[in-house]
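Okay, here's what each chain looks like letter by letter:
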Amino acid sequence: MKLDIKNFDGGAAGSVELSDEIFGLEPREDLIQRYVLWQLAKRQAGTHKTKGRAEIWRTGKKLYKQKGSGNARHGSARVPQFRGGGRAFGPVVRSHEHDLPKKVRALALKHALSAKAKDGAIVVVDQASATEPKTKALRERFTALGLGNALIIDGAELNQNFALAARNIPNIDVLPIQGINVYDILRRDTLVLTKAAVDALEARFK
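All values derive from a computational prediction rather than experimental measurement. (Residues numbered from 1 in each chain as written. Predicted model: local features only at pLDDT ≥ 70, side-chain atom pairs only at ≥ 80, totals over all residues. Heavy atoms only, no water.)

1. Some details on the sheet that holds strand β3 (residues 122-125)
Working step 1: With mixed pairing, the 6 strands of this open sheet are ordered in space as β2-β1-β3-β6-β4-β5. Each edge of the sheet is formed by a strand with only one pairing partner; in this case those strands are β2 (12-17) and β5 (172-175). This sheet shows a mean twist of 25° between the axes of neighbouring strands, independent of strand direction.
Working step 2: As defined by bridge partners, strand β1 (residues 2-6) adjoins β3 across 2 bridges and the pair is classed as parallel. Residue pairing for β3: Ile5 is matched across the bridge by Val124.
Working step 3: On the sheet, helix α7 (residues 195-204) packs against β1, β2, β3, β4 (150-153) and β6 (190-194) and is oriented at approximately 90° with respect to β6. (Pairing = 2+ DSSP bridges. Helix = DSSP H or I, 4+ residues; strand = E, 2+ residues; numbered from the N terminus. Axes fitted to C-alpha atoms, helices over the stretch in contact; angles between N-to-C directions. Contact = heavy atoms within 4.5 Å.)

2. Considering the domain arrangement of the protein
Working step 1: In terms of domain boundaries, the protein breaks down into domain 1 (2-45 + 97-205) and domain 2 (47-93).
Working step 2: Here domain 1 and domain 2 have C-alpha centroids that lie 53 Å from each other. (Domains from an automatic or database assignment.)

3. Observations regarding the packing of aromatic side chains
Working step 1: Overall, the coordinates contain 2 aromatic pairs when judged by the stated rule.
Working step 2: Residues Tyr35 and Trp38 carry aromatic rings whose centres are separated by 5.4 Å and whose planes lie at 65° to one another, so their mutual orientation is edge-to-face. Taken as a pair, Tyr35 and Trp38 lie in helix α2 (residues 29-42) at a separation of 3 residues, close to a single helical turn. Across the pair, Trp38 and Tyr35 agree in class, each one buried. (Phe/Tyr/Trp six-rings, centres within 6.5 Å; stacked < 30°, edge-to-face > 60°. Buried < 20%, exposed > 50% of the residue type's maximum accessible area, 1.4 Å probe, protein only.)

4. Things to note about the pattern of salt bridges
A side chain of one charge can pair with a side chain of the opposite charge when the charged atoms of the two come close.
Working step 1: The final tally for this structure, using the stated rule, is 7 salt bridges.
Working step 2: Arg28 is paired through a salt bridge with Asp30; the nearest N and O atoms lie 2.7 Å apart.
Working step 3: Taking relative accessible area as the criterion, Asp30 reaches 37% and is therefore assigned partly exposed.
Working step 4: Residues joined in a network through salt bridges with shared partners are Asp173, Asp184, Arg187 and Arg188. (Salt bridge = Lys/Arg side-chain N within 4 Å of Asp/Glu carboxyl O.)

5. What about the pairing of β3?
Working step 1: Residues Ile122 and Val124 of β3 are buried on one face, and the alternating residues Val123 and Val125, pointing to the opposite face, are buried as well.
Working step 2: Sheet analysis places β3 next to β6, joined by 4 bridges and oriented parallel. The residue bridging Ile122 from the neighbouring strand is Leu191, located in β6.

6. Regarding the side chain of Gln39
Working step 1: With respect to the element layout, Gln39 can be found in helix α2.
Working step 2: Given a relative accessible area of 16%, Gln39 falls into the buried group.
Working step 3: Those residues in contact with Gln39, other than ones at most four positions away along the chain, are Asn181, Val182 and Tyr183.

7. Observations regarding the pairing of β2
Working step 1: For β1 and β2, the ladder comprises 4 bridges, and the chain directions are antiparallel. Residue pairing in the sheet places Lys6 in a bridge with Ala12 of β2.
Working step 2: The turn joining β1 and β2, which pair antiparallel and follow one another in sequence, is formed by 5 residues; a positive phi near 95° is taken by Gly10.

Spelled out as structure tokens, the structure:
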């Protein structure tokens, strides 16, 4: 697959041949879904917690005698039936993470990239850099390229001026190549790859 390389000033900067093994697959929704579920589960904090009856500080003495009072039979004030009692089957601190094989994760990333390529939603630029961290100037460059909702992937090191200028723009994410993931690719309309990012992806999946 051949794509023209652009720059953020709207000009042309040559062309690049994208590997069909990475960008030319027929997208599989099942693989992409498995990755997204794995990623979202992994980032859950799992810190939600309620107290069970064993953790409530309250007397364990029987409230009243078993028979003859005309009331229901109760033995403890810590039970869930009472206000201030323990929660029955409440949430506990735990990890929501589950396993996903490394090969499946790699394949899902290829299919997410292929899905963007199939939709014509990949833009390749020569580099993502700015001479000064000015959000207004960068927003104008994005508008000229038609980028209103985009994920921008650069090489191993981000240009700090570009990253600082872009972080204030809504619906624009900037990540180094190490941070590329299926969820962020899918949640943005356009995927913008620098030439360095394309080279890094091809080297990663070689």
